[in-house]
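Observations on chain architecture
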Amino acid sequence: QVQLLESGGSLVQSGGSLRLSCVASGSIFSIDYMRWYRQAPGKQREFVARISSGGNTAYAISLKGRFTISRDNAKNTLYLQMNSLKPEDTAVYYCNLIQRSGNEYWGQGTQVTVSS
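Thresholds, definitions, all that
Residues numbered from 1 in each chain as written. Predicted model: local features only at pLDDT ≥ 70, side-chain atom pairs only at ≥ 80, totals over all residues. Heavy atoms only, no water. Disulfide = S-S within 2.5 Å. Helix = DSSP H or I, 4+ residues; strand = E, 2+ residues; numbered from the N terminus. Buried < 20%, exposed > 50% of the residue type's maximum accessible area, 1.4 Å probe, protein only. Contact = heavy atoms within 4.5 Å. Salt bridge = Lys/Arg side-chain N within 4 Å of Asp/Glu carboxyl O. Pairing = 2+ DSSP bridges. Axes fitted to C-alpha atoms, helices over the stretch in contact; angles between N-to-C directions. Core = buried A, V, L, I, M, F, W, Y, C linked by side-chain atoms within 4.5 Å.

Structural notes on the state of the cysteines
Put plainly, two cysteines are in a disulfide when a covalent bond ties their sulfur atoms together. Across all of its chains, the model carries 1 disulfide by this definition. Through a disulfide, Cys22 is tied to Cys95; the S-S separation comes to 2.1 Å. The S-S bond linking Cys22 to Cys95 shows a torsion near -75°; that makes this disulfide left-handed. Residue Cys22 is found in strand β3 (residues 18-26), and its partner Cys95 is found in strand β9 (residues 91-99); the two are separated by 73 residues along the sequence. Residue class for Cys95 comes out buried when judged on its relative accessible area of 0%.

Below is the structure:
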């Protein structure tokens, strides 16, 4: 089993920055991808960014350039640096981990609220 714990969400003004963290614990091995998703009120959960075990990254097209995903393997921690935040970035942000076996895990989410 893998546990994922997100943190770093808060209320921020439009144009501000936040860095989210996701600490992984438990049976952490053979990780294929780690991802960030978000879910705004009344909307479906959507892909934000992913990073492979080799460090390759990919982003939702609309977010590329403002958000940066990274990971610290020594700390088993995933990060999401978010800059130039907009009110439409308001959502619960979730950490996701996929192992090569196909097992998939989710964190409980962290709330990001961007005020105009």
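Some remarks on the environment of Ser10
With respect to the secondary-structure elements, Ser10 resides in the loop between β1 (2-7) and β2 (11-13). Non-local contacts of Ser10, meaning those with residues more than four positions away in its chain, are made with Leu18, Gln111, Val112 and Thr113.

Thoughts on the pattern of salt bridges
Per the counting criterion, the structure on display carries 3 salt bridges. The salt bridge involving Asp89 is made with Arg38; its shortest N-O contact spans 2.9 Å. Separated by 51 residues along the polypeptide, Asp89 in the loop between β8 (77-82) and β9 and Arg38 in strand β4 (residues 31-39) bring together distant segments of the chain. Comparing Asp89 with Arg38, the two get one shared label, buried. The salt bridge partner of Asp89 is Arg66, with a shortest N-O separation of 2.8 Å. Taken together, the residues Asp89 in the loop between β8 and β9 and Arg66 in the loop between β6 (57-59) and β7 (67-72) connect sequence positions 23 residues apart. Both residues of the pair, Asp89 and Arg66, belong to the buried class.

Description of the sheet that holds β8
Think of a sheet as strands paired side by side through backbone hydrogen bonds, with each pair either parallel or antiparallel. Pairing is antiparallel in the open sheet, where 4 strands are placed in the order β1-β3-β8-β7. With one partner strand each, in any of the chains shown, β1 and β7 form the two edges of the open sheet. Neighbour-to-neighbour, the strand axes of this sheet turn through a mean angle of 15°, independent of strand direction. Note: β3 against β8, 6 bridges, orientation antiparallel. If you follow Cys22 over to β8, its bridge partner there is Leu78.

Structural notes on the nonpolar core
Leu4, Trp36, Leu80, Met82 and Tyr93 are the most contacted members of the largest nonpolar core, which totals 30 residues. For this core, the secondary structure elements donating two or more residues are β1, β3, β4, β5 (46-52), β7, β8, β9 and β11 (110-115).

Looking at the environment of Ser84
One can find Ser84 in the loop between β8 and β9. For Ser84, a relative accessible area of 42% puts it in the partly exposed group. Separated by 71 residues in sequence, Ser84 and Gln13 place their C-alpha atoms 9.5 Å apart. Apart from the residues within four sequence positions on either side, Ser84 is in contact with Gly15, Gly16, Ser17, Arg66 and Asp89.

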